[in-house]
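Examining the three-dimensional arrangement
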Amino acid sequence: MQKAKGVLVILSGPSGSGKDTVISELKKRNVDIRQSISATTRPPREGEKDGVDYYFIDVPTFEQKIREGYFLEYVRYGSNYYGTPREAVEKLVNDGISVLLKIEVEGAGNIRNVFPDVVSVFLIPPSLDVLAKRLRGRGTETEESFCSRFAIASHELCRASEYDYVVINDDLDDCVKEVCSILDAEKFRYSCMKPIVDEILKQTTTE
Ligand code: 5GP
């Protein structure tokens, strides 16, 4: 029996919307989805591991890979490059495994152009107050960097209209359940079910 294709899912949202918390909760609950590992030219932060959090590569290597068509999409974000390796994502999806991309809005737009069946989810905080509290709660911010991150994050909220789904991250458990219900429904899209439909149509019957 043919397998359905996996779903390619983008998860975006402003800084402070809780993307990492939601993703780690999906992992804890053994949700059937793999997170793609991006490549970046930014240096690793404390605790980050090469090949686990990102593939950390230098600018000439990244630019060489762009020329080779290695990336499904890439962006320059701040002073660094970030990109999604194409081969691993395509193989997983064709093997029936759903893949999650945690990428920013420009990259999400680029993926839609090359992968029209992608499902995009935008995570938002329940209010600007909560967003501000979460950004301050990180405790790593100077007042100046807090203000700039808050301004960027509130501006990014306007990009919600570009996404298929918007999920509010207020109560984490509800939010994770809502993301799971999107994943569950999207598995039954025709684009995922096509290999199975095609196989049934090829069959002959003795009835
Ligand atoms: P950070 O440096 O905080 O890990 O990531 C900065 C931003 O880049 C985040 O919004 C993250 O989701 C996004 N990002 C990470 N990997 C990729 C990627 O492969 N492509 C794009 N377009 N954005 C990415």
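Description of the structure in this document.

The rules behind each value
Residues numbered from 1 in each chain as written. Predicted model: local features only at pLDDT ≥ 70, side-chain atom pairs only at ≥ 80, totals over all residues. Heavy atoms only, no water. Core = buried A, V, L, I, M, F, W, Y, C linked by side-chain atoms within 4.5 Å. Buried < 20%, exposed > 50% of the residue type's maximum accessible area, 1.4 Å probe, protein only. Helix = DSSP H or I, 4+ residues; strand = E, 2+ residues; numbered from the N terminus. Contact = heavy atoms within 4.5 Å. Pairing = 2+ DSSP bridges. Phe/Tyr/Trp six-rings, centres within 6.5 Å; stacked < 30°, edge-to-face > 60°. Lys NZ or Arg CZ within 6 Å of the ring centre and 35° of its normal. Axes fitted to C-alpha atoms, helices over the stretch in contact; angles between N-to-C directions. Parallel < 35°, antiparallel > 145°, perpendicular 65-115°, else oblique. Left-handed = near helix turned anticlockwise from the far one by under 90°. Nonpolar A, V, L, I, M, F, W, Y, C, P; charged D, E, K, R; others polar.

This part covers the nonpolar core. In this structure, Val9, Val22 and Val167 are the most contacted members of the largest nonpolar core, which totals 19 residues. Element by element, the count of residues in this core is highest for helix α7 (residues 172-186), at six residues. Setting aside residues no more than four positions away along its own chain, Val22 makes contact with Leu123, Asn169, Leu172, Cys175, Val176 and Val179. Core analysis: the second largest hydrophobic core is formed by 18 residues, Leu72, Val93, Val118 and Phe122 among them.

In this section: the pairing of strand β1 (residues 8-12). The buried fraction of β1 is high, at five of five residues. Here β1 shows two buried faces, one formed by Leu8, Ile10 and Ser12 and the other by Val9 and Leu11. By the bridge criterion, four bridges tie β1 to strand β7 (residues 99-102) in an arrangement that is parallel. When the sheet's bridge partners are listed, Leu8 is paired in β7 with Val99. When β1 meets strand β8 (residues 119-124), the two strands line up parallel, connected through four bridges. In the strand pairing of β8, Leu11 is matched with Val121.

Below, the discussion takes up the packing of aromatic side chains. The final tally for this structure, using the stated rule, is eleven aromatic pairs. Each ring, one from Tyr77 and one from Tyr82, has its centre 5.9 Å from the other, and the planes form 80 degrees; the classification is edge-to-face. Taken together, a centroid distance of 5.8 Å and an interplanar angle of 20 degrees make the contact between Phe146 and Phe150 stacked. With Phe146 and Phe150 both in helix α6 (residues 143-156), this residue pair falls four residues apart, about one helical turn. Residue Phe150 is classed as partly exposed on the basis of its relative accessible area of 22%. One cation-aromatic arrangement involves Arg112 over Tyr163; the distance from NZ or CZ to the ring centre is 4.9 Å.

Now for the packing of helix α5 (residues 128-137) against α6. One can describe the packing of α5 onto α6 by two numbers: an axis separation of 10 Å at closest approach and a directional angle of 140 degrees. Between α5 and α6, the interaxial angle falls into the category oblique. Note that α5 runs across α6; the crossing there is right-handed. Listed contacts from α6 to Leu128, Leu131, Ala132, Leu135 and Arg136 of α5 are Glu143, Phe146, Arg149, Phe150, Ala153 and Ser154. Of the residues contributing to the contact of α5 with α6, the split by class is seven nonpolar, one polar and three charged.

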